[in-house]
Amino acid sequence: MIDPQSIMVACAACYDDPYERTHALGPIFRTVWWHSVAGAGVIGLIAFLQAYVFKGLIPR
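1. Focus on the environment of A10
For A10, the location among the structural elements is in helix α1 (residues 4-14). You can call A10 partly exposed: its relative accessible area is 38%. For the pair A10 and R21, spaced 11 residues apart in the sequence, the C-alpha separation amounts to 9.9 Å.

2. Here we look at the nonpolar core
Membership of the largest hydrophobic core is limited to five residues, which are I7, C11, A24, L25 and V32. Those elements that provide at least two residues to this core are α1 and α2 (18-53). Considering every element that reaches this core, the biggest residue donor is α2, with three residues.

3. Some words on the packing of aromatic side chains
Per the counting criterion, the structure on display carries two aromatic pairs. Here W33 and W34 contribute two aromatic rings whose centre-to-centre distance is 6.4 Å and whose plane-to-plane angle is 70°, an arrangement assigned as edge-to-face. Measuring from ring centre to ring centre gives 5.2 Å for F48 and Y52, while their planes differ by 50°; the resulting arrangement is tilted. With a gap of four residues between them, F48 and Y52 both fall in helix α2, about one helical turn apart. Using a relative accessible area of 46% as the deciding quantity, one classes F48 as partly exposed. In this structure Y52 comes out as exposed when scored by relative accessible area, which is 58%.

4. Considering α2
End to end, α2 covers 50 Å across 36 residues, agreeing with the expected 52 Å (1.5 Å per residue, within 8%). By the burial criterion, the buried members of α2 are A24, L25 and V32. In the core, the buried residues of α2 are packed alongside α1.

5. Section: a nonpolar patch on the surface
Side chains of L45, F48, Y52, V53, F54, L57 and I58 sit close together on the surface and give an oily, nonpolar patch of about 760 Å² of accessible area. Within the secondary structure layout, V53 lies in helix α2. For V53, a relative accessible area of 48% puts it in the partly exposed group.

Definitions and cut-offs
Residues numbered from 1 in each chain as written. Predicted model: local features only at pLDDT ≥ 70, side-chain atom pairs only at ≥ 80, totals over all residues. Heavy atoms only, no water. Helix = DSSP H or I, 4+ residues; strand = E, 2+ residues; numbered from the N terminus. Buried < 20%, exposed > 50% of the residue type's maximum accessible area, 1.4 Å probe, protein only. Core = buried A, V, L, I, M, F, W, Y, C linked by side-chain atoms within 4.5 Å. Phe/Tyr/Trp six-rings, centres within 6.5 Å; stacked < 30°, edge-to-face > 60°. Expected span 1.5 Å × (residues − 1). Contact = heavy atoms within 4.5 Å. Patch = residues over 30% accessible without salt bridge, like charges linked within 9 Å, V, L, I, M, F, W, Y side chains within 5 Å. Areas by Shrake-Rupley, 256 points an atom, 1.4 Å probe, with all protein chains shown as cover. Salt bridge = Lys/Arg side-chain N within 4 Å of Asp/Glu carboxyl O.

This is how it looks when you write it as structure tokens:
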């Protein structure tokens, strides 16, 4: 996943005008948001399956 804080720092370094910086951040964050939600869902599903379905997969 892409770290939103890294995107903020990069846009702050590249754009001097606050108005231009704001309009550059919006589309990037909207795209990254859905990838982050999907990644968290996949990790949650894997954790759920390992905890309740495949109990012997992780050794004690």
